[in-house]
Amino acid sequence: MMKSVLSLSIVPIVAVCLACGNPKGTPGKAAVLYYDCIIEGRYDDYVGGIAYSDSMTTDYRSQMADLTAQYARREVESRGGLKEVRLLDDIVSGDVATVFMELVYGDSTSEEVCVPMVLCGDEWKMQ
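First things first, this report covers the structure right here in the doc. (Residues numbered from 1 in each chain as written. Predicted model: local features only at pLDDT ≥ 70, side-chain atom pairs only at ≥ 80, totals over all residues. Heavy atoms only, no water.)

### Quick word on the pairing of strand β2 (residues 96–105)
Right, on to step 1. Judged by how many residues are buried, β2 sits mostly within the fold: 7 of 10 residues are covered.
Right, on to step 2. Pairing of strand β1 (residues 82–93) with β2, which is carried by 10 bridges, proceeds in the antiparallel orientation. Residue pairing for β2: V92 is matched across the bridge by A97.
Right, on to step 3. The turn linking β1 back onto β2 is made up of 2 residues, and G94 within it adopts a positive phi angle of 70 degrees. (Buried < 20%, exposed > 50% of the residue type's maximum accessible area, 1.4 Å probe, protein only. Helix = DSSP H or I, 4+ residues; strand = E, 2+ residues; numbered from the N terminus. Pairing = 2+ DSSP bridges.)

### Examining the sheet that holds β1
Right, on to step 1. Spatially, 4 strands are ordered β1-β2-β3-β4 in an open sheet, and the strand pairing comes out antiparallel. Every interior strand has two partners, whereas the edge strands, β1 and β4 (123–126), have only one. Averaged over all adjacent pairs, the angle separating strand axes in this sheet is 35 degrees, with direction ignored.
Right, on to step 2. Taken strand by strand, helix α2 (residues 27–39) contacts β1, β2, β3 (110–120) and β4, and its axis lies near 155 degrees from that of β1. (Axes fitted to C-alpha atoms, helices over the stretch in contact; angles between N-to-C directions. Contact = heavy atoms within 4.5 Å.)

### Re the pattern of salt bridges
Right, on to step 1. According to the stated counting rule, one finds 7 salt bridges in the structure shown.
Right, on to step 2. We note a salt bridge from R79 to E111, for which the minimum N-O separation is 3.1 Å. With R79 in helix α4 (residues 58–79) and E111 in strand β3, the pair connects residues that are 32 residues apart, well separated along the chain.
Right, on to step 3. Judged by relative accessible area, which is 29%, E111 ranks as partly exposed.
Right, on to step 4. Note that R86 and E84 form a salt bridge whose closest N and O atoms lie 3.1 Å from each other.
Right, on to step 5. Given a relative accessible area of 35%, R86 falls into the partly exposed group.
Right, on to step 6. Because the salt bridges share partners, they merge into one network encompassing E40, R42 and D45. (Salt bridge = Lys/Arg side-chain N within 4 Å of Asp/Glu carboxyl O.)

Written out as structure tokens, the structure reads:
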């Protein structure tokens, strides 16, 4: 009985870790994983990639997810939606980093963005 209860309690934890990949490792890989969450419609997971999002109230976190969904819908209407995220570079200085990415849209346009990142425990999160 204890083994099955333990197995059931681990499943949600594993699912969360796999939702957008594991943001450990380089800040560039973490940033790409978070932006991939937008492409996949996983707005709550994207918000979870924001530094100290675990300290947000439930309402505020929900509002952030709604804003992310609005951004995604607006990009679908104006540029065919976000289709791909390409890592260009990341510059690390201790527990902070700047990640440079290219966002590619459905209409073949692209833009370069830079995302400040911070190391929270052993995971890179967006600032």
